[in-house]
Amino acid sequence: RTVACKVFVDQFIWNPFMCVPFLLATLRWQDRGFATKDCRAMWQPRSVLATYCSMMIATWVTWIPGTSVVYMFPPALQMPMFNIILFMFAILLALLTSSAADAPQ
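Residues numbered from 1 in each chain as written. Predicted model: local features only at pLDDT ≥ 70, side-chain atom pairs only at ≥ 80, totals over all residues. Heavy atoms only, no water.

**Student:** Can you explain the overall build of the protein? Please cite residues and give values.
**Tutor:** Scanning the protein for helices and strands turns up four helices and zero strands. Written out in order from the N terminus, the α and β elements of the protein read α-α-α-α. Overall size of the protein, expressed as C-alpha extent along the three principal axes, is 50 × 20 × 20 Å. Looking at the protein as a whole, 28% of its 105 residues are labelled buried. Element-wise, carbon and sulfur atoms account for 74% of the exposed surface of the protein, whose accessible area totals about 7,100 Å². Between the mean site of the 7 positive side-chain charges and the mean site of the 4 negative ones, the protein shows a separation of 7 Å. (Helix = DSSP H or I, 4+ residues; strand = E, 2+ residues; numbered from the N terminus. Buried < 20%, exposed > 50% of the residue type's maximum accessible area, 1.4 Å probe, protein only. Areas by Shrake-Rupley, 256 points an atom, 1.4 Å probe, with all protein chains shown as cover. Lys, Arg positive; Asp, Glu negative; His and termini not counted. Charge placed at Lys NZ, Arg CZ, Asp CG, Glu CD.)

The structure is reproduced here in structure tokens:
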């Protein structure tokens, strides 16, 4: 029950409203070379929505089982397991956002 509550908060409160929007903004800004000019082009609604949805699907596919496994480990092993999953997730997210930035708008 405790694991289910933690996974629910992580995946359906924290990620959709805090984590993914922050990562989306940061990675799109990085793809533009951290330039502050032409920010409007970075926030085309159709492109942002498509990227947000793909990021949320990738997040849920990775982290729902990932956090379930992490929270079942003893506390001493939770951080190493989390870091392994995070490493793979970071690569996946970089691939998703870079391909979205390269797509014609």
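From this point, things continue past the structure.
**Student:** Tell me what's going on with the state of the cysteines, and back it up with residues and numbers.
**Tutor:** One pass over the structure, following the stated rule, counts zero disulfides. No disulfide involves C53; its nearest neighbouring cysteine sulfur is the one of C19, lying 16 Å away. (Disulfide = S-S within 2.5 Å.)

**Student:** Can you tell me about a nonpolar patch on the surface, naming the residues and giving the values?
**Tutor:** Taken together, the side chains of F8, V9, F12, I13, W14, F17, M18 and W60 define a hydrophobic patch exposed on the protein surface, amounting to about 830 Å² of accessible area. Here the nonpolar patch takes seven residues from helix 1 (residues 2–31), the largest share from any one element. Structurally, the position occupied by F8 is in helix 1. (Patch = residues over 30% accessible without salt bridge, like charges linked within 9 Å, V, L, I, M, F, W, Y side chains within 5 Å. Salt bridge = Lys/Arg side-chain N within 4 Å of Asp/Glu carboxyl O.)

**Student:** Mind laying out helix 3 (residues 45–72), listing which residues take part and the relevant values?
**Tutor:** Under the 1.5 Å per step criterion, the end-to-end length of helix 3 is 39 Å for 28 residues, consistent within 8% with the ideal 40 Å. At W63, helix 3 is bent by approximately 30°, the largest bend along its length, and proline P65 sits one to four residues beyond. (Expected span 1.5 Å × (residues − 1). Bend = angle between axes of the 7 residues up to and from the residue.)

**Student:** Describe the confidence of the model for the protein, naming the residues involved and giving the relevant values.
**Tutor:** Residues at a pLDDT of 70 or more form 93% of the protein, whose mean pLDDT is 86. Within the protein, the lowest mean pLDDT, 77, falls on helix 2 (residues 39–42), and the highest, 90, falls on helix 3. (pLDDT = per-residue confidence, 0-100.)

**Student:** Describe helix 1, listing the residues and the values that go with them.
**Tutor:** N15 marks where helix 1 bends most, by close to 70°; the proline P16 follows one to four residues later. Downstream of helix 1 by one or two residues, G33 has phi in the positive range, about 75°.

**Student:** Please give an account of the environment of W63 that cites residues and values.
**Tutor:** Structurally, W63 is set in helix 3. Between the C-alpha atom of W63 and that of V7, which follows or precedes it by 56 residues, the distance is 8.4 Å. Excluding residues within four positions of it along the chain, W63 makes contact with Q11, S68, F82, I85, L86 and F89. (Contact = heavy atoms within 4.5 Å.)

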